[in-house]
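Per-entry structural report
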Amino acid sequence: MTTHPAARALRATPEGLLWEPSERWVRGTAGDTTVVDSRHPVLVWEPRLPVPQYAFPREEVRTDLLRPAQSPPTGKHTGSTVFHDLEVAGGVRPNAAWTFPADDLAGHVAFEWFLRTDTGLDHWYEEEEEIFVHPRDPHTRVDAVPSSRHVQVGIDGTVVADTRTPVLLFETSLPVRYYIPRRDVRLDLFDATDHSTRCPYKGTAAPYWSWRGGAAVPPNIVWSYPDPLPAVAAIRGRLAFFNEAVDLTVDGERLRRPVTPFSAGLTV
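The notes below deal with the structure included here. Quick caveat, the model's predicted, so the values are computed rather than measured. (Residues numbered from 1 in each chain as written. Predicted model: local features only at pLDDT ≥ 70, side-chain atom pairs only at ≥ 80, totals over all residues. Heavy atoms only, no water.)

What about the pattern of salt bridges?
- Counted according to the given criterion, the structure contains 17 salt bridges.
- When the shortest N-O distance is used, the salt bridge between Arg136 and Glu129 registers 2.8 Å.
- With relative accessibility at 14%, the residue Arg136 sits in the buried group. (Salt bridge = Lys/Arg side-chain N within 4 Å of Asp/Glu carboxyl O. Buried < 20%, exposed > 50% of the residue type's maximum accessible area, 1.4 Å probe, protein only.)

As for the environment of Tyr54
- With respect to the element layout, Tyr54 can be found in strand S6 (residues 53-57).
- We classify Tyr54 as buried; its relative accessible area is 1%.
- Through-space distance from the C-alpha of Tyr54 to that of Ser22 is 9.0 Å; in sequence the pair is 32 residues apart.
- Excluding its chain neighbours within four sequence positions, the residues that come into contact with Tyr54 are Ser22, Arg24, Val26, Pro41, Val42, Leu43, Val109, Ala110, Phe111, Trp113, Glu126 and Pro135.
- Within polar-contact distance, the side chain of Tyr54 engages the side chain of Glu126 at 2.8 Å. (Helix = DSSP H or I, 4+ residues; strand = E, 2+ residues; numbered from the N terminus. Contact = heavy atoms within 4.5 Å. Polar contact = N/O pair within 3.5 Å; in protein donor to acceptor, adjacent residues only side chain to side chain.)

Considerations on the packing of aromatic side chains
- Under the defined criterion, the tally for this structure stands at 13 aromatic pairs.
- Between Tyr54 and Trp113, the ring centres sit 6.4 Å apart and the planes meet at 25°, which makes this aromatic pair stacked. Separated by 59 residues along the polypeptide, Tyr54 in strand S6 and Trp113 in the loop between strand S10 (108-111) and strand S11 (123-126) bring together distant segments of the chain.
- Given a relative accessible area of 2%, Trp113 falls into the buried group.
- Taking the centre distance of 6.4 Å and the plane angle of 50° together, the rings of Phe56 and Phe111 count as tilted. Of this pair, Phe56 sits in strand S6 while Phe111 sits in strand S10, and the two are 55 residues apart along the sequence.
- On the accessibility criterion, Phe56 (0% relative accessible area) is buried.
- One aromatic cluster is present, built from ring pairs that chain together Tyr54, Phe56, Phe111, Trp113 and Trp124.
- It is Arg11 that lies over the ring of Trp19; its NZ or CZ is 4.6 Å from the centre.
- Here the basic side chain of Arg39 rests over the ring of Trp25, its NZ or CZ set 4.3 Å away from the ring centre. (Phe/Tyr/Trp six-rings, centres within 6.5 Å; stacked < 30°, edge-to-face > 60°. Lys NZ or Arg CZ within 6 Å of the ring centre and 35° of its normal.)

Overview of the environment of Pro138
- Along the polypeptide, Pro138 turns up in the loop between strand S12 (129-131) and strand S13 (142-146).
- Classification of Pro138 by relative accessible area gives partly exposed; the value is 44%.
- The spatial distance from the C-alpha of Pro138 to the C-alpha of Ser22 is 9.0 Å, given a sequence separation of 116 residues.
- Those residues in contact with Pro138 that sit more than four places away from it in its chain are Glu20, Leu43 and Trp45.

Topic: the pairing of strand S9 (residues 91-99)
- Alignment of strand S8 (residues 82-88) against S9, held across six bridges, turns out to be antiparallel. The residue of S9 that forms the bridge with Val82 is Thr99.
- Here S8 hands over to S9 after two residues, with Ala89 in that stretch at a positive phi of 55°.
- Here S9 runs beside S10; their pairing, made up of two bridges, is antiparallel. When the sheet's bridge partners are listed, Ala97 is paired in S10 with Phe111. (Pairing = 2+ DSSP bridges.)

Some words on unusual backbone geometry
- Note that the residue after Ala206, namely Pro207, is joined by a cis bond; omega there is 0°.
- Tracing the backbone shows Pro207 in the loop between strand S20 (203-205) and strand S21 (208-211).
- Unusually for a residue other than glycine, Ala89 sits at a positive phi of about 55°.
- Structurally, Ala89 can be placed in the loop between S8 and S9.
- A relative accessible area of 68% places Ala89 in the exposed class.

See the structure below:
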């Protein structure tokens with residue numbers, strides 16, 4: 001009996017890469033040009049990089065648009081030495097693509113992603129859904145679950161949100177985020193900002209809000225997803241706070257402020 005590729009364990013290379021095949025149809029575009037159209041991508045995890053990247057069989061890449069890199073970077077992508085500039089839409093995107101130095105991944109090409117660097121492709125799609133920032137990790141879950149918990153949010157002794165109808169967002173390796181109906185948040189205590197972020201699991205968060213009070217509180221501490229991806233539609237229009245920088249009380253229990261990858265960026 002042959003094991004289905006998707007059921008196999010992650011494979012490791014001597015270079016320290018982890019990889020596995022994906023069955024998703026992935027496309028990447030630059031301007032009006034489709035540079036990648038792959039039904040046989042592989043996901044690759046580099047050491048010390050918590051999110052995966054895609055690599056694609058060369059025959060599913062517009063390799064005619066790739067040129068040997070004029071100034072290949074050093075020390076990037078786990079010892080990769082073969083980089084390519086991308087010539088497309090009348091311009092050159094330096095070091096837009098590379099190959100991993102691993103026999104397992106010979107014949108595959110990887111690309112930088114838009115908004116992570118200035119050299120990546122403009123848009124990426126899994127099936128018919130656009131994705132942002134990085135590929136979605138099949139070993140990560142993101143679940144938006146309606147709840148009847150009593151959630152209160154405090155800043156500098158002031159209760160700024162109080163609800164019994166939150167949506168709890170559970171995301172692998174991150175603390176629970178509590179998405180609160182707008183009516184239950186004291187938005188009169190905050191100022192909207194033009195800050196926005198993108199997430200491959202949730203979509204585009206905008207606007208953000210900053211605390212108007214005098215306490216030492218990081219900016220852009222509140223956010224909302226007005227049009228989230230279908231998988232987390234339950235958070236639409238609700239507001240969430242960074243647990244790392246506010247006082248959260250859930251069902252009468254004061255929660256500790258967690259330390260997460262976002263903590264370093266939450267500075268006053």
